[in-house]
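Spelled out, the chains give:
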Amino acid sequence: MEKTTNVLIVGVGGQGVLLASELLSAVAMEAGYDAKKSEVHGMAQRGGVVSSHVRIGEKIYSPLIKEGEADVILAFEQAEALRWIHFLKEDGTIIINDYRLVPPIASMKGFHYPEDPIGAVKKRIKNVKVVDAVSMAEKLGNSRLVNTVLLGVLSVSLDIEEKFWKKVVRDRVPKGTEDLNVKAFREGRGQN
Amino acid sequence: MKSILSGNEAVARGCYEYGVHVATAYPGTPSTEILENIAKYPEIYSEWSPNEKVAFEVAMGATFEGARALVAMKHVGLNVAADPFMSVSLIGAPGGFIVVSGDDPGMHSSQNEQDNRYYAKFAGYPCLEPADSQESKDFVGVALDISSTFDVPVLFRMTTRICHSKGVVQLGERNAYPVKGFQRDPKKFVVLPAHGRVRHPWAVERLHKLRDYSEKTGLNTIEKGSNGVGIITDGVAYQYVKEVIPEASILKLGMSYPLPIQKIRSFARSVKTLFVVEELEPFIEEQIKAAGIACEGKKYWSNVGELTPELVEKGFIEAGVLKRTVAKSVKEEVIIRPPIFCPGCPHRGLYYVLKKLKTVVTSDIGCYTLGVLPPLESGDTCVEMGASIGVAVGMAKAKGSGKGIVATIGDSTFLHSGMTGLLNAVNDKAGITVVIADNRITAMTGGQQHPGTGETLMGEKAKQVELAKICQALGVERIKVVDPYRLEETQKTLKEEIETEEISAVITNRPCALFPAKNRKRIRQKPYRVDLEKCIGCHTCFKVSCPAISESDKKTAKGLTKSHIDATLCTGCSVCAQVCPVNAILQTE
């Protein structure tokens, strides 16, 4: 990794966005890089919009990514992918979890959940990866593995050796689930 | 050893490494996690105090005893603690004393965005501002040294971005410091007017010494650049400056009060143009201009809201320093996701009923403030912690009757600063209704203990105060306890109490659905489901605003969308089932 790499992870409060960015920054530190991550919590738990900025490189100053400067966006939810695409570099990659979370407000007058968020993203962005992480996790026997599967997908887009990812996944997941999580990670990475 | 820490975690680590003995706080975003992390070190006595003033006083007592002490609070918390904050100036801080103010530019989770650096100037204290997690840890040590050397509390000013951003931090070992013991000296510790008159010149002299220190300290450093542009900056603004204009000369102020004016003067001479990039108010800029040094700041960077790298860049483009870059890509308008009550939240039933009763609701600070948002739309005023009761009394007195005026206040907020308001309401014969939305935890900030939870921050069992008994002791004679999951009962009780001329207190009794206190059971009944045969698509259930309720893909003959309940989110509180006009919402077997 020669240049600073910017990763934006987005989703809805409760989906595990903050945990994913926590793991990513730990991976970066393991690999010997400087890393900063930033998000604002407080009201994030209550179904709100969550975005987490992770910046990795030799020396990082700003904890925030500038608009149009993200190398990769990892979106845990379809509409959230669309909300944040203005952060992506022209040649950047966006990974979208094929999952819809329609907020209760969508049933009130004047509020609409976008019809086809993925289609709208594809109209603007060349590198779009759509992943059905929920099905992949369920196939592995636990829907809570979505997070680790997505981390595996993300790892393909970043120039960090696999051993660092695996170490962090092993260190940070609940005891007894290490093997299953590594399997989910490899599944996301496309290696099983 | 290295670790990735948030600014808050780093401050906690700093407290451990630099030998803090006593740490106190009242929870408040963005500062809450400082104490939560300090509590992981048994070497440090830590507590959640009932409010910021008490927290300040406990930490102040510890520094009087010659211990290293820290108190943490959000920016508006310092308003609550302003009395001891100002008065202890004339006493000092013999053991070392850090006052952390977690400011919230951009109001991510606050009612205002006041710039607390002014408090340092107001009281004549040094102000330290870390710009990342490493500094958040290191500055704890520096602040304690300054504090005990100059016998002065140090304002440790952080912002949401610093508190919550994570970065790599080099860890060190714990250094133990002895508690020196209280040195009796009434002329110092007892602020009689006669003593104060002697102490004030002492405090002025102390500030002169701090000015000299500010000129020499490594906290204020110059990074030489190459383009003739000079920038004075502090806190997170420094990081944005480094990012967007790395070739400029920078004077980074780790100590933003008192300013090193001589250093600034010579820095100004060394550059062609001088800018001040600071978040919120022109705190530094005004002082520099008052010293007769030409600079620009707020002309290009607003004093409203949080700075971002984009805004810092935009200011330098407007100033003609940076060239305009290519137009950024367009932002898409996507449906909002406003924060709402959690599934099973006990506030839902209460505010649903209050809306139906069409009363004036003076509300307060906590999760329940969200009751003001649609579709519940219940809550007419909210100012600061504890204001609900006083405001209700004032309205009643101006109107001539307390009938139809309801003050709603959470348990933690009531214990923080609602009790004196209620005492006053009784004394004033205001005739209002006070509802204590008692979920038995400090919920909004993530579930912290208080005197009603029966447990302390350090995990010890504690006495559990009873809110009804407090109300009784304060002189309230009509006290009712209601189950907010039972809408009819809640409505009937509230209606009666609102209509009476007497003052009354109504206390709800269900624990927080998300963070129940340790000694309380999480409410988790069998989830409810929608009987699609019966559902008429009227969407009445949406009016209780529950995240578990959404639209199904089934429609009625008239084309109305039927409802759906997410069984994994539903806690079985039954509130939606009670409002359904056709009994289409049933509990699963």
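Residues numbered from 1 in each chain as written. Chains lettered and ligands numbered in written order. Predicted model: local features only at pLDDT ≥ 70, side-chain atom pairs only at ≥ 80, totals over all residues.

### Here's the deal with the overall build of chain B
Across its full length, chain B carries 20 helices and 22 strands. Projected onto the principal axes, the alpha-carbon positions of chain B cover approximately 80 × 65 × 50 Å. A burial count over chain B gives 54% of its 589 residues as buried. Once local pairs closer than 6 in sequence are excluded, the contacts in chain B between residues at least 24 apart make up 74%. (Helix = DSSP H or I, 4+ residues; strand = E, 2+ residues; numbered from the N terminus. Buried ≥ 20, exposed ≤ 12 C-beta atoms within 10 Å, placed from the backbone. Contact = placed C-beta atoms within 7 Å.)

### Focus on the environment of Pro 516 of chain B
Residues and elements named next belong to chain B. Relative to the elements of secondary structure, Pro 516 occurs in the loop between β18 (504-508) and β19 (528-530). Assessed through the 20 C-beta atoms surrounding it within 10 Å, Pro 516 is described here as buried. Residues Pro 516 and Gly 254 lie 262 residues apart in sequence; the distance between their C-alpha atoms is 40 Å.

### Remarks on the sheet that holds strand β5 (residues 88-97) of chain A
As a general point, the strands of a sheet are linked pairwise by backbone hydrogen bonds and lie either parallel or antiparallel. Spatially, β6(A)-β5(A)-β4(A)-β1(A)-β3(A)-β2(A)-β8(B)-β1(B) is the arrangement adopted by the eight strands of the open sheet, whose pairing is mixed. Unpaired on one side and paired on the other, β6 (127-131) of chain A together with β1 (2-6) of chain B mark the two borders of the sheet. For this sheet, the mean inter-axis angle between neighbouring strands, taken without regard to orientation, is 20°. Pairing of strand β2 (residues 34-38) of chain A with strand β3 (residues 49-57) of chain A involves five bridges; the strand directions are antiparallel. By the bridge assignment for β3 of chain A, Asp 34 of chain A is matched with Gly 57 of chain A. This element, helix α1 (residues 7-17) of chain B, spans β1 and β8 (166-170) of chain B of the sheet and lies at about 120° to β1 of chain B. (Pairing = 2+ DSSP bridges. Axes fitted to C-alpha atoms, helices over the stretch in contact; angles between N-to-C directions.)

### Brief notes about the nonpolar core
In this structure, Ile 73 and Leu 150 of chain A together with Cys 15, Val 100 and Val 154 of chain B are the most contacted members of the largest nonpolar core, which totals 158 residues. When residues in this core are grouped by element, the largest group, eight residues, is from helix α1 (residues 17-30) of chain A. Once residues within four sequence positions are removed from consideration, Val 154 of chain B is found in contact with Phe 97, Ile 98, Val 99, Tyr 125, Pro 126, Leu 128, Ala 143, Ile 146 and Ser 147 of chain B. Judged by nonpolar contacts, the second largest core, of 71 residues, contains Ile 340, Phe 341, Ala 430 and Ile 432 of chain B. (Core = buried A, V, L, I, M, F, W, Y, C linked by C-beta atoms within 7 Å.)

### Some remarks on the confidence of the model for chain A
Confidence along chain A averages 93 in pLDDT terms, with 96% of residues attaining 70 or more. Considering each helix and strand of chain A separately, the mean pLDDT is smallest for helix α4 (residues 133-139) of chain A, with a value of 94, and largest for strand β4 (residues 70-75) of chain A, with 98. (pLDDT = per-residue confidence, 0-100.)

### Observations concerning the domain arrangement of chain B
Residues and elements named next belong to chain B. Each assigned domain of chain B is listed here: domain 1 (2-216), domain 2 (220-318), domain 3 (347-508) and domain 4 (528-587). Using only C-alpha atoms to locate each centre, domain 3 and domain 4 end up separated by 30 Å. Counting residues per element, the side of domain 3 that touches domain 4 draws most heavily on helix α15 (residues 347-357), which supplies three residues. Of the residues contributing to the side of domain 3 that touches domain 4, the split by class is five nonpolar, one polar and one charged. (Domains from an automatic or database assignment. Nonpolar A, V, L, I, M, F, W, Y, C, P; charged D, E, K, R; others polar.)

### Quick look at the pairing of strand β16 (residues 433-437) of chain B
All names here are of chain B. β16 sits mainly inside the fold: five of its five residues count as buried. Pairing geometry for strand β15 (residues 405-410) and β16, over five bridges, is parallel. The partner of Gly 410 across the bridge, within β16, is Ala 437. Across four bridges, β16 lies against β18 in parallel orientation. For Ile 436, the partnering residue across the bridge sits in β18 and is Ile 507.

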